[in-house]
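In case you want the letters, here they are:
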Amino acid sequence: MAAVDYFITGDHDAARNAIAAALRSRGFEVATSPVGGWSLTRGSTSATVWLGAFAGKNNQRLEYSMQFFEYEGQLVARLNRESGAGALGGVIGVSRSAEVFTELDQAVGSELTRLLILANVVHYP
């Protein structure tokens, strides 16, 4: 599993809204998960099952998650990519999933930096 922790200062709700906007700008649907975080999805499951990696970058089904918690008064947002994410697309799909995860990381980090609310980032392999 790969993950990125964003340590955020300032208003927690405003930070969540900024993160959601960054994720949606990359074509992801943001839905509240049963445990209070978010599930992030993009693409078509059926197209990915039938076409695998040939479904294309925007149509391949990709799923990630975002969790939130507090650490010393700061909001921590954790972007997760499960092991095997994109596996329906075969080797190309797994590689694409990693590539899109990096793009999401950059989009979220850039938006939080632009708003001057990003205190620190920690990447986990």
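Higher on the page you've got the structure.
Any details on helix α1 (residues 12-24)? Residues and values, ideally.
The first and last C-alpha atoms of α1 sit 18 Å apart over 13 residues, in line with the 18 Å expected at 1.5 Å per residue. Those residues of α1 lying buried are His12, Ala15, Ala18, Ile19, Ala20, Ala22 and Leu23. Its side-chain oxygen at 3.3 Å from the backbone nitrogen of aspartate 13, aspartate 11 defines the N-terminal cap of α1.

How would you sum up the side chain of aspartate 105? Please name residues and give values.
The topology assignment puts aspartate 105 in helix α3 (residues 90-114). For the buried aspartate 105, no salt bridge is present, and the opposite-charge side chain at shortest range is arginine 81, 10 Å distant. Separated by 2.7 Å, the side chains of aspartate 105 and histidine 123 make a polar contact. The contact partners of aspartate 105, leaving out residues within four places of it in the chain, are Val4, Tyr6, Leu79 and His123.

Quick notes on the rules
Along each chain, numbering runs from 1 in the same order as the chain's sequence is written. A pLDDT threshold of at least 70 governs which residues receive local features in this predicted model, and a stricter bar of 80 or more applies before side-chain atom pairs are shown or counted, although totals over entire chains, interfaces and linings include all residues. Water and hydrogen atoms play no part in the side-chain values, which are based on all heavy atoms of the structure. The secondary structure listing takes helices from DSSP runs of H or I that are at least 4 residues long and strands from runs of E that are at least 2 residues long, numbered from the N terminus. A helix's residues, less one, multiplied by 1.5 Å, set its expected span. For the exposure calls, accessible area comes from a 1.4 Å probe over protein chains only, and a residue counts as buried if that area is under 20% of its type's maximum, exposed if over 50%, partly exposed in between. Under this definition, polar contacts are N or O atom pairs within 3.5 Å; protein pairs additionally need one hydrogen-donor-capable and one acceptor-capable atom, and for neighbouring residues in sequence, both atoms have to be side-chain atoms. A positive count includes Lys and Arg, and a negative count includes Asp and Glu. His and the chain ends are not counted in either. Between Lys or Arg on one side and Asp or Glu on the other, a salt bridge is scored when a side-chain nitrogen of the former is within 4 Å of a carboxyl oxygen of the latter. Throughout, a contact is declared for two residues whenever any of their heavy atoms are within 4.5 Å.

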